[in-house]
2 protein chains.
Amino acid sequence: MQRKQHLFIPGPTPVPPEVAAAMTRPVIGHRGSDYASLQRYLTEKVQQVFQTKNDLFILTSSGTGAMEAAVTSSLNPGDKVLALITGQFGQRFAAIAERCGAEVERMEFPWGEAVDIEKVRARLEHGPQLEAVLVTHNETSTGVVNDVAAVGALVKDTPTLLLVDAVSSMGAMDIRTDEWGVDFMATSSQKAFMLPPGLAFLSVSPKGWRKVEKVSPRSFYFDLTAWRESGVKGFSPWTPNVSLLFGLEKALDLMFTEGLEQVWARHRRWARGVRAGLRAMGLELVAEDKWASPTVTAAYIPDGQADALRAAVKRDFGLCLAGGKGKLAGSIIRMSHMGYVDDLEILGALAVLELGLKQLGYPVKLGAGVAQAQAQFIEEV
Amino acid sequence: MQRKQHLFIPGPTPVPPEVAAAMTRPVIGHRGSDYASLQRYLTEKVQQVFQTKNDLFILTSSGTGAMEAAVTSSLNPGDKVLALITGQFGQRFAAIAERCGAEVERMEFPWGEAVDIEKVRARLEHGPQLEAVLVTHNETSTGVVNDVAAVGALVKDTPTLLLVDAVSSMGAMDIRTDEWGVDFMATSSQKAFMLPPGLAFLSVSPKGWRKVEKVSPRSFYFDLTAWRESGVKGFSPWTPNVSLLFGLEKALDLMFTEGLEQVWARHRRWARGVRAGLRAMGLELVAEDKWASPTVTAAYIPDGQADALRAAVKRDFGLCLAGGKGKLAGSIIRMSHMGYVDDLEILGALAVLELGLKQLGYPVKLGAGVAQAQAQFIEEV
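### Here's the deal with the sheet that holds strand β3 (residues 80–85) of chain A
Residue and element names in this part refer to chain A. Taken in spatial order, the 7 strands line up as β2-β10-β9-β8-β5-β3-β4 in an open sheet, and their pairing is mixed. Strands with a single pairing partner mark the edges of an open sheet, and in this sheet they are β2 (55–59) and β4 (103–108). Each adjacent strand pair in this sheet contributes to an overall mean axis angle of 15 degrees, direction not counted. Here strand β9 (residues 184–188) pairs with strand β10 (residues 200–204) via 5 bridges, running antiparallel.

### Concerning the interface of chain A and chain B
Contact with chain A, which involves 33 residues of that partner, is made by 33 residues of chain B. Of all the secondary-structure elements, those providing two or more residues to the side of chain A that touches chain B are α12 (306–317), α13 (343–359) and α14 (368–379) of chain A. If one sorts the elements of the side of chain A that touches chain B by residue count, α13 of chain A sits on top with 12 residues. In terms of residue class, the side of chain A that touches chain B is built from 17 nonpolar, 7 polar and 9 charged.

### Looking at the relation of the copies chain A and chain B
Superposing chain A onto chain B takes a rotation of 180 degrees combined with a translation of 0.0 Å along the rotation axis, leaving an RMSD of 0.0 Å. In short, the pair behaves as if placed about a two-fold rotation axis. Taking C-alpha positions as the reference, the residue of chain A nearest the rotation axis is Gly-348 of chain A, at 1.8 Å. Comparing interface residues between copies, 100% of those in chain A also lie at the interface in chain B; the contact surface is shared.

### Looking at the pairing of strand β11 (residues 296–300) of chain A
Residue and element names in this part refer to chain A. Among the 5 residues of β11, 4 are classified as buried, and the element is accordingly described as predominantly covered. Bridge count for β11 against strand β14 (residues 332–336) is 5 bridges, and the pairing is antiparallel. By the bridge assignment for β14, Val-296 is matched with Ser-336.

### A look at the sheet that holds strand β15 (residues 332–336) of chain B
All names here are of chain B. Strand order across the open sheet formed by 4 strands is β11-β12-β15-β14, with antiparallel pairing between neighbours. Of all strands in the sheet, those with a lone pairing partner are β11 (284–285) and β14 (322–323), marking the two edges. Across 2 bridges, β14 lies against β15 in antiparallel orientation. Bridging from a neighbouring strand, Ala-322 pairs with Arg-334 of β15. Together, β11, β12 (296–300) and β15 form the strand contacts of helix α10 (residues 260–280), whose direction differs from that of β12 by roughly 10 degrees.

Each value, and the rule that gives it
Residues numbered from 1 in each chain as written. Chains lettered and ligands numbered in written order. Predicted model: local features only at pLDDT ≥ 70, side-chain atom pairs only at ≥ 80, totals over all residues. Pairing = 2+ DSSP bridges. Helix = DSSP H or I, 4+ residues; strand = E, 2+ residues; numbered from the N terminus. Axes fitted to C-alpha atoms, helices over the stretch in contact; angles between N-to-C directions. Contact = placed C-beta atoms within 7 Å. Nonpolar A, V, L, I, M, F, W, Y, C, P; charged D, E, K, R; others polar. Least-squares fit on C-alpha atoms with pLDDT ≥ 70 in both. Buried ≥ 20, exposed ≤ 12 C-beta atoms within 10 Å, placed from the backbone.

Structure below.
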């Protein structure tokens, strides 16, 4: 019997015990002044993580809910939107826009590659006017970071809105919501924020609001005008997940005590170690270094044994890895290095992965991947 | 900033979150029937771990308290006792007996070696009559297991009592309290029982009780006749640590669900992996394989850098190792592999130890120790 689960999936990530303990505080009513003080405080801190002065909402939903809130509040049926798709989560963003009745133009890039900014530029310069561009900042299905700053530079001085899914990067990377001109920025609680799932965060720019005011809301729960109306008074329009807010208070405290720049640096460092380690095991990585994610690394497992490998390391060692999604299903593993983990656990996970590969007959030299990750870590201690 | 502490010290060991959660249950009064049911249940389960039908007490104290309870209840001033000493905790047992006024005869063995049974046999056969023999089952300061069964065989059919300190082995090893003829068997909560410190367990044989009844108690708190009197009614004579009892209930549940034999096997397996790993780092082990502890391994660190190494891996990686005690202070590290840890964490700890050795200038090949531990683990998955 394996007794522990080591979460190296790209969300949910491990929850610090201090955060779990904070969540056991007795629930308070969500229409009183204690609640309003808490929500105001948390909103301001999350705005700092977002590097934004825009309005920010803490939704009781998953990240997908925040994406739907952005889309459904800012797009009318028939609106033309450009979806920049580099993997499964880019597909999902497009699907949400389609469900809202938008006319979605998909610009797809090979999985494992980032958005080609020149193609986007050409489309924006020469094609029909767009109401919005949708982009995934950190494509969790491939481990690729897209250059949202560059996309933002193309649209910020135009009427076109920029909607960004930063679910698996916000908090772990230097993300400049305002400087980059992001009108709707969405993320969720169970990634770099080190919380269980259940909360999402969404910022809305003044430019975004101007469009929202022209849209007739399709959703009741995700109608951002309702969130704004309650938010100015320190409240949520519908019942919020109060326990997760208690946890968020503690998680933000941990993040700010460490320092956001230190948090970002440690994610970059982990990615370098994991990438060196996986390569030394003879695995080909899905993403090139130039656009590699600091929070999740995907690697091909030859001979169709990716899911067998994941099952083996979970069963024998409690190591939880993610598999491929969509067109990469069954052919890759994805290992997260995000949030509340550390060098010791990452090195242990790599050692266990070597054991799993060995068990399945791959020609891996025990300790070789660990050694390369160690070499990365020791240079940067 | 290192955010996690990985406890690889030989106690306290990591506490499972289920156990920590159980400890947050509201405290109950300790003079009611709910409490009595709980104490009776826990006593019976701990007796199963001890493999004893003797009376067993759950003391609110450390393991040292249980050792004092045994000694102070069973020895009169001037009683002759033989203390078998293989390390620091054997010294402590002797010191407790001396504090009680016993006339302590120390039989010392080289640190890193086990009790030489032939010497004990010779002393018992030829020397003056003894009231008791004191022995440490698992000498935590050196990582050596003493053959308590063999000592027991020498005294069980004599009037001499056998007092055993099993603080760092009970629960992790096959310990047969009754079969071995142990009159007083002591252990504590923060080792293989996976609890925080604060509880100790002590069993008393009928032969032990006969002596207790002839001793005028020196201690009030540790007077075992008071514990027996309350114990038959399901109570503790003085206020017990109720929260730890809630935790103990859950910890025992985890141990019995896994199966005691499986628990013992995994500790043996870990010891083999850690010993292979440390040797591959070029380190000399304090204990030979033939008496190596399944719960803690001690290794020499040359050039007086043992404590610098411990400080480095704690500071940079959150890896907590123990140092040398007594005559081994400053010259060894001690790594526990006990309780709520797993292969992934042990391999990670070995990887981090390699990094620490490298940083201090030792000629360690990165990944080499991990590889040898992996090889042990993969053979025995």
